There are 2 protein chains.
Amino acid sequence: MDLKAYLKERKALIDSVLLTYLPPEPEFGKKLYEAVKYSLTVGGKRLRPILCLAGCEIVGGNRNDALTPACAIEMIHTYSLIHDDLPAMDNDTLRRGHPTTWVKFGEATAILAGDALLNRAFEVLADWEFDCNRKVKVISEIARASGMLGMVLGQQCDLDAEGRGDVPLEELLFIHKHKTGRLITASVVSGGITGGGSPEEIDALRRYGDSLGLAFQIIDDVLDVVGDQEKLGKNVGSDLEKGKTTFVTIFGVEKARKMAYEEVERAVEALSIFPAEKREPLEAIARFVVEREY
Amino acid sequence: MDLKAYLKERKALIDSVLLTYLPPEPEFGKKLYEAVKYSLTVGGKRLRPILCLAGCEIVGGNRNDALTPACAIEMIHTYSLIHDDLPAMDNDTLRRGHPTTWVKFGEATAILAGDALLNRAFEVLADWEFDCNRKVKVISEIARASGMLGMVLGQQCDLDAEGRGDVPLEELLFIHKHKTGRLITASVVSGGITGGGSPEEIDALRRYGDSLGLAFQIIDDVLDVVGDQEKLGKNVGSDLEKGKTTFVTIFGVEKARKMAYEEVERAVEALSIFPAEKREPLEAIARFVVEREY
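Named according to an unreviewed UniProt entry, chain A is Polyprenyl synthetase originating from Thermovibrio ammonificans. Per UniProt, the comment on chain A under Sequence similarities (unreviewed entry) is "Belongs to the FPP/GGPP synthase family." Recorded under Cofactor (unreviewed entry), the UniProt text for chain A is reproduced unchanged: "Mg(2+)".

Next comes the structure, spelled out in structure tokens:
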């Protein structure tokens, strides 16, 4: 399959509907609305929503059914970037090739824009016209992945580990799994739930997501060392600067890359219960994740 | 009725279950968990969850059914306090008589603790074992009230208005309605939805909540000028210091207090469709809100 065309088409689909999930512009407080819109539209690969649509299709669902959870997940991903970039957190000024939200709108509005996106994600999920039981399962899956057992916890652990030279592999894996892995897994799994996947299919998608998420984060570590700032759209070398333990500091670039490839093979293997022709997109996405330069 | 005993008993009930809605302590990142627990347990009147239980009972429901939305709302209220207190926002150091979360745990962890509580609220709502349709209506009601059409928008407007001497009444009403009003309304309304209230009953509770929320905020403005720091457990005079327009700066203490009493009468009036003996707690709470000294 032509993955490049596939990703382009899917990204365009997400981009064409994402802002329709925002409420109308308010009478007062327009700055909040501007900050939310800016953060949602300054770029990004839309990997998580694309995974959500693909997860829906691989179990035989209609991708359009999954647009709501796909966009909700992109909102949650965007909120997490806004908050992670804050001066009190990672203090990043560049994201997706543009000034970060706090640089452009100030810290207070950036905090609120993140809060607004997180809230809005659950609002559009609750108002989604869809089978009630599946909807609630999707909400639960996403909330668990993004919350204090998921992404938020991962960010806390990441901060705790900063500047410590002695982070053991077990702790690094815990950080990656929570900070990046859980939401990636929730993306493909919530697509699968939306599409009506069987427990076995959901389990396979979960294993796929877990391995893909780890591979993704290992490559993130690699790109922070060998990546091209222009292509990445964010500052490189920031992990080193902050004294972070990463897969590269523990294993070096080559070994880390090899581990990422192994995780991708595990991800692909997890898909084996699906018919070959249905597996193609998720397989191709997994390989793309480790070969990407951005 | 003995409102003091009623509030004490209800607060004790909420306090006895609130922490059971947290997940088990994680292996890493315990600081996040500590910050969340600290923020949830340093006090507070538990007004919103008490309103939620009362909203459930007034329509004939069982208060225990409403414990989950009640605790979710208290989590959302607590998250909003944590974020509002941040240096980039209101820069408050004292809350409920204790150091604010960012003073105690640092800014980064305070941001994450707020995020964690907001996420967790939706997680416990999604996992709540209850009628699917009512549950989704409650999630929608709460998300709308706390999000970019509700509390978060109100906080943005509040920040925008700071230091401007020229805030018109229309804008001040918009701020109060969103920053404080919406979540108070959602508290009593989500209780009513949980208890199976009819559309007319839900509408009455909504009018009650809207008036109560406004009265509450007017009295907040009053207490910031005439209140006792000890009783309030937070710094007084901070509105003046920040050059905020409030009901007191526009109307003076006496007129503002009178307006709050008028709103309370409107709130009580909205309850008239319910049998007299069932109205008592919500009526008493409304009167308490304007007579409180803390």
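A. Expanded view of the interface of chain B and chain A. Taken residue by residue, the interface counts 51 residues in chain B and 51 residues in chain A. Carbon and sulfur atoms supply 72% of the area that chain B and chain A bury against each other, a total of about 4600 Å² over both sides. Sorting the residues of chain B by area buried against chain A places Phe28, Asn119 and Met148 of chain B first, and these three jointly supply 16% of that buried surface. The interface formed by chain B and chain A holds 4 salt bridges in total. The interface formed by chain B and chain A holds 12 residue pairs in polar contact (both at pLDDT 80 or more) in total. Mapped by element, the contributors of at least two residues to the side of chain B that touches chain A are helix 2 (30-41), helix 4 (67-85), helix 6 (107-127), helix 7 (132-146), helix 8 (151-161) and helix 9 (169-194) of chain B. Among the elements that make up the side of chain B that touches chain A, the one with the highest residue count is helix 6 of chain B (14 residues).

B. Local environment of helix 9 of chain B. All names here are of chain B. In this model helix 9 runs 35 Å from its N-terminal to its C-terminal C-alpha over 26 residues, within 8% of the 38 Å that 1.5 Å per residue would give. Remark: the principal bend of helix 9, roughly 50°, maps to Gly181. Across the 26 residues of helix 9, 20 count as buried, placing the element largely inside the fold. In the segment just after helix 9, Gly196 is the residue with positive phi, at about 80°.

C. Focus on the environment of Asp166 of chain A. Topologically, Asp166 of chain A is positioned in the loop between helix 8 (151-161) and helix 9 (169-194). Among the polar contacts listed, one links the side chain of Asp166 of chain A to the side chain of Arg164 of chain A, at a separation of 3.2 Å.

D. Region of the structure containing the state of the cysteines. One pass over the structure, following the stated rule, counts 1 disulfide over all chains. Between the sulfur atoms of Cys132 of chain A and its disulfide partner Cys132 of chain B the distance amounts to 2.5 Å. Measuring handedness by torsion sign, the sulfur bridge of Cys132 of chain A and Cys132 of chain B sits at about -105° and is left-handed. Remark: Cys132 of chain B occurs in helix 7 and Cys132 of chain A occurs in helix 7 (residues 132-146); the pair is interchain, linking two chains. Under the relative-accessibility criterion, Cys132 of chain B is labelled buried at 15%. The thiol of Cys52 of chain B is not disulfide-bonded; the next cysteine sulfur, from Cys56 of chain B, is found 7.3 Å away. Given the relative accessible area of 0%, Cys52 of chain B is considered buried.

E. Quick peek at the nonpolar core. Ranked by size, the top nonpolar core spans 212 residues in total, and within it Tyr208, Leu282 and Ile285 of chain A together with Tyr208, Leu282 and Ile285 of chain B carry the most contacts. For Ile285 of chain B, the contacting residues outside a window of four places in its chain are Leu3, Tyr6, Leu7, Leu47, Ile50, Leu51 and Tyr208 of chain B.

F. Molecular detail of the packing of helix 2 (residues 30-41) of chain A against helix 6 (residues 107-127) of chain A. Residue and element names in this part refer to chain A. Contact pair helix 2 / helix 6: the axes reach a minimum separation of 9 Å and the direction vectors enclose 70°. Taken together, the axes of helix 2 and helix 6 are roughly perpendicular relative to one another. For the pair helix 2 and helix 6, contact is made by Lys31, Leu32, Ala35, Val36 and Leu40 and by Thr109, Leu112, Ala113, Ala116 and Leu117, respectively. Its residues assigned to classes, the contact of helix 2 with helix 6 shows 8 nonpolar, 1 polar and 1 charged.

About the criteria used
- Residues numbered from 1 in each chain as written.
- Chains lettered and ligands numbered in written order.
- Predicted model: local features only at pLDDT ≥ 70, side-chain atom pairs only at ≥ 80, totals over all residues.
- Heavy atoms only, no water.
- UniProt positions renumbered as here; feature names shortened; annotations may be inferred.
- Contact = heavy atoms within 4.5 Å.
- Buried area = accessible area lost by both parts, 1.4 Å probe.
- Salt bridge = Lys/Arg side-chain N within 4 Å of Asp/Glu carboxyl O.
- Polar contact = N/O pair within 3.5 Å; in protein donor to acceptor, adjacent residues only side chain to side chain.
- Helix = DSSP H or I, 4+ residues; strand = E, 2+ residues; numbered from the N terminus.
- Expected span 1.5 Å × (residues − 1).
- Bend = angle between axes of the 7 residues up to and from the residue.
- Buried < 20%, exposed > 50% of the residue type's maximum accessible area, 1.4 Å probe, protein only.
- Disulfide = S-S within 2.5 Å.
- Core = buried A, V, L, I, M, F, W, Y, C linked by side-chain atoms within 4.5 Å.
- Axes fitted to C-alpha atoms, helices over the stretch in contact; angles between N-to-C directions.
- Parallel < 35°, antiparallel > 145°, perpendicular 65-115°, else oblique.
- Nonpolar A, V, L, I, M, F, W, Y, C, P; charged D, E, K, R; others polar.

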